[in-house]
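Understanding the architecture of this molecule
Listed here are the chains, written in short residue letters.
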Amino acid sequence: MRLILIGGGHANAQVIREFNANIIPSNWEKILIDPQKSAVYSGMIPGAVAGIYQEQELLIHLDRLCTWAGWQFIQQKVIKICANEKKIILQDLTELNYDLLSIDIGSQTLHSDILNNNHNNHNHNHNNIATRPIRELLSQIENFERKLIELENLNNTNNTNNNTNNNTNNNTNNLKIVIVGAGAAGTELAFALRIRFSRFTNYQIQIQIVSSVNDRLGSCKNLKLNRTIREQFQIHSIDLVILFYKKRLENLFYSF
């Protein structure tokens, strides 16, 4: 009996953990396949965005996990699944048959390669980031933050010179952050970004979260929870915008 797990997301990581905690017949061959030696635990991403966790704390070390649990780890990409034949083909063209197959490779935002490629964007006041693949989200936010710090330092230098010459102080800039999608992930991200960018005192930060549903946030039908979230939006100055996605979003400084 051969069990193959494709992708080291936390769902498959839990499968390995549960198998290790139970008695499994010795004739089971257990294999995990992933292109990376580590995976990001998505449940901790909002905390990392807020600055509570460091990136290394988010990682599930797949090779170590497999060694600990007695699984075989193959660091490769699966390029084809032949369901009728119950086999998979790896990037090096190795073929592996399976009896059971579990797929946990995460998701990817449509056109994320275009959204994340800000180098070709001629309007440098616009920065667009896709939340998927989740592994790249934190580094994309950090890249933007570095640009923001450079801009803030430049503004502080210019303002110091202006203050010396004119005795004036006008160093407040506007920063608009727009999050498209008011589900649980978007809501967590809005609060996390409010915390992260609150240290930029020279910026007037406006956060908007866009939803296409007026009566509830995301798929949540709990009216009390929705009311609490809306109250927290007001407390933390997060604006909820109702907008059908067929309309074009314009004049966004920063969007997810």
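Read on for an overview of the structure. In this text the structure is predicted, and so the values were computed from the model without any measurement. Within each chain, residue numbers correspond to sequence positions counted from 1 in written order. Under the rules for a predicted model, residues below a pLDDT of 70 receive no local features and side-chain atom pairs below 80 are neither given nor counted, while totals for whole chains, interfaces and linings still include all residues. No hydrogens and no water enter the side-chain calculation; it runs on all heavy atoms of the structure.

**Here we look at helix α6 (residues 184–197)**
Inclusion rule: A run of H or I in DSSP counts as a helix once it spans at least four residues, and a run of E counts as a strand once it spans at least two, with each numbered from the N terminus. Helix span is expected to be 1.5 Å times the residue number reduced by one. Note on exposure labels: buried denotes an accessible area under 20% of the residue type's maximum, exposed denotes more than 50%, and partly exposed covers the range between, all computed with a 1.4 Å probe on protein chains only.
For α6, with 14 residues, the first-to-last C-alpha span of 20 Å sits near the 20 Å given by 1.5 Å per residue. Along α6, the positions that sit buried rather than exposed are Gly-186, Thr-187, Leu-189, Ala-190, Ala-192, Leu-193, Arg-194, Arg-196 and Phe-197.

**Re the sheet that holds strand β2 (residues 29–33)**
This is how it is decided: Being paired, for any two strands, means DSSP has found at least two bridges between them. Only the contacting stretch of a helix is used when fitting its axis, a line to C-alpha atoms as for every element, and angles between N-to-C directions run 0 to 180 degrees. We call two residues in contact whenever any of their non-hydrogen atoms come within 4.5 Å of each other.
Read from one edge of the open sheet, four strands run β5-β2-β1-β9, paired in parallel fashion. This sheet does not close on itself; its edge strands, each paired only once, are β5 (72–74) and β9 (100–103). Here the strands of the sheet are splayed against their neighbours by 20° on average, with no regard to which way each runs. Sheet analysis places strand β1 (residues 2–6) next to β2, joined by five bridges and oriented parallel. The residue of β2 that forms the bridge with Ile-6 is Ile-33. Contacts from helix α1 (residues 10–21) reach β1, β2 and β9, with the element oriented near 145° to β1.

**What about the sheet that holds strand β8 (residues 95–97)?**
The sheet built from three strands is open, its strands ordered β6-β7-β8 with antiparallel pairing. Looking at which strands have only one partner, the edges of the open sheet turn out to be β6 (78–82) and β8. In this sheet, adjacent strand axes meet at a mean angle of 20° when their direction is disregarded. As defined by bridge partners, strand β7 (residues 87–90) adjoins β8 across three bridges and the pair is classed as antiparallel. By the bridge assignment for β8, Ile-88 is matched with Leu-96.

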